Amino acid sequence: MQTTWKGTISFGLVSIPVHLYSATQEHDVPLHQVHAKDGGRVRMKRYCEREEQEVPYAEIAKGYESPDGRTVTLTDEDLADLPLPSKKIIDVLAFVDAGEIDPLMFSKAYYVGVADKAAAKPYALLRDALVESGQIAVTKIALRTRESPAVLRVHDGTLVLQTCIWPDEVRPAAGIAPEENVTVRPQELKMARSLMDTLSEDFDLSQLHDDYQQALQQVITARLEGVELPHEEEPGPAPDNVIDLMEALRSSLKQAKGGRAPAAEPQEKPAPRKRAPAKKTAGVAERTASAKKTPTRKSTAPRKAS
């Protein structure tokens, strides 16, 4: 695995020489630009506007244009010599619960490996302390041409550095969610939770696959072999669950359970009315009391033979 960054984790007075390795990779079908008329490859040329000619990649540098039109050229040496403390040091600033970092801020992940054998002990110390505390470490790091906040956490016994965007780079969500006052009934919420539990049964994230890349490869293969392109069936109209949300939830739950009808949801029952006790007349009350006091006797006289 190719090393992406070399530096040191600073944990108080403890230093851990480490290397970073990209923890993720994306699987894409490689596509490039061609001329639609004849399929000829279209390539981008690096063209200098002043000299009006193509320039080699080795002569390319980064530049900044000021508001008044002046251009400043920055070489690789300029960028490498920036007076930046986080250029080669991952400084642990604090330890927080994982829930305190908004997942919107997470960016790219890197595995953290030791640079030499002497770093094994402090590496294990920091890793085990994070596991025992259930916390993550907040840090900063400079990668390529950008300094980013980052967190250190543990995955499968390995330290992982996850870069983040800055808090002010998260756009506000104001005005996107429905603003009108919507009331969700308890039956609807209970049915939704039941659907959530059913969909989550035996779920395995590792079994997910990229349908888009598979479909794209089928189209490319059909083009290469000169056969008819595969087509997906036209989807039906989207269900309108605004009219009867409970019926949509009930049907979804039935489908998730493989056709088995869900248990009937509880209905809201009106509060029972209190009835006034029935008034008894004096005669009825006396007969009732007399009947309770005098037990009924069975006749013991023998029957006469007929």
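That block above? That's the structure.
Note that residues are indexed from 1 along each chain, following the sequence as it is written. In keeping with the predicted nature of the model, local features appear solely for residues at pLDDT of at least 70, side-chain atom pairs appear and are counted solely at 80 or more, and the whole-chain, interface and lining totals rest on all residues. Each side-chain value is worked out from all heavy atoms of the structure, with water and hydrogens disregarded.

**Some thoughts on the layout of surface pockets**
Then step 1. Two kinds of site are reported from a 1 Å grid over the protein atoms alone, namely cavities, where a 1.4 Å probe fits but cannot get out, and pockets, open sets with protein on both sides within 12 Å along at least five of seven lines, and residues are called lining when an atom falls within 4 Å of a point. Grid points are joined across faces, edges and corners, and a volume is the space filled by probe spheres set on the points. Approximately 490 Å³ is the volume attributed to the largest pocket.
Then step 2. Together, 13 residues line the largest pocket, and Y47, C48, E49, E59 and A61 are the ones closest to its centre.
Then step 3. Contributing elements (two or more residues each) for the lining of the largest pocket: strand 3 (47–48), strand 5 (62–65) and strand 6 (71–74).
Then step 4. Three classes are used, and their members are as follows: Ala, Val, Leu, Ile, Met, Phe, Trp, Tyr, Cys and Pro are nonpolar, Asp, Glu, Lys and Arg are charged, and the others, Gly among them, are polar. Of the residues in the lining of the largest pocket, the class split is five nonpolar, three polar and five charged.
Then step 5. For the second largest pocket, the calculated volume is near 410 Å³.
Then step 6. L79, A142, L143, R144 and T145 are, among the 16 residues lining the second largest pocket, the residues nearest its centre. Put simply, DSSP marks the helices as runs of H or I at least four residues long and the strands as runs of E at least two long, and each gets a number from the N terminus on.

**Some words on the nonpolar core**
Then step 1. In terms of nonpolar packing, the biggest core is built from 20 residues, with I9, L20, V112, I141, L152 and L161 touching the most fellow members.
Then step 2. Among the secondary structure elements, those contributing two or more residues to this core are strand 1 (3–11), strand 2 (14–22), strand 9 (106–114), helix 2 (120–133), strand 10 (135–143), strand 11 (146–155) and strand 12 (158–164).
Then step 3. In what follows, residue pairs with any heavy atoms lying within 4.5 Å of each other are defined as contacts. For L20, the contacting residues outside a window of four places in its chain are Q2, T3, T4, W5, Y110, Y111, V112, I141, L143 and L161.
Then step 4. Counting six residues, the second largest nonpolar core, distinct from the first, contains I101, M105, I136 and V151. As used in this record, nonpolar core signifies buried Ala, Val, Leu, Ile, Met, Phe, Trp, Tyr and Cys residues forming a set joined through side-chain atoms within 4.5 Å. Each residue gets one of three labels from its accessible area relative to the maximum for its type: buried under 20%, exposed over 50%, partly exposed in between, using a 1.4 Å probe on protein chains only.

**Re the packing of aromatic side chains**
Then step 1. Aromatic contacts are taken between Phe, Tyr and Trp rings whose centres are within 6.5 Å, Trp giving its six-membered ring; a plane angle under 30 degrees counts as stacked, one over 60 as edge-to-face, and the others as tilted. Counted under the stated rule, the structure contains one aromatic pair.
Then step 2. For the ring pair F11 and F95, a centre distance of 5.7 Å and an interplane angle of 75° mean the geometry is edge-to-face. With F11 in strand 1 and F95 in strand 8 (residues 94–97), this pair connects stretches of sequence that are 84 residues apart.
Then step 3. Residue class for F11 comes out partly exposed when judged on its relative accessible area of 22%.
Then step 4. In this structure, K108 packs its charged tip against the face of Y110, placed 5.7 Å from the ring centre. Our definition puts a charge over a ring when NZ of Lys or CZ of Arg is within 6 Å of the ring centre and also within 35 degrees of the ring normal.

**With respect to unusual backbone geometry**
Most peptide bonds take the trans form, and the phi angle of most residues other than glycine is negative.
Then step 1. Non-glycine residue D156 carries a positive phi angle of around 55°.
Then step 2. Within the fold, D156 resides in the loop between strand 11 and strand 12.
Then step 3. Despite not being glycine, D202 shows a phi value in the positive range, around 60°.
Then step 4. For D202, the position within the fold is in the loop between helix 3 (186–200) and helix 4 (211–225).
Then step 5. The exposure class assigned to D202 is exposed, which follows from its relative accessible area of 80%.

Honestly, that's just the spatial picture; any functional story needs more than this.
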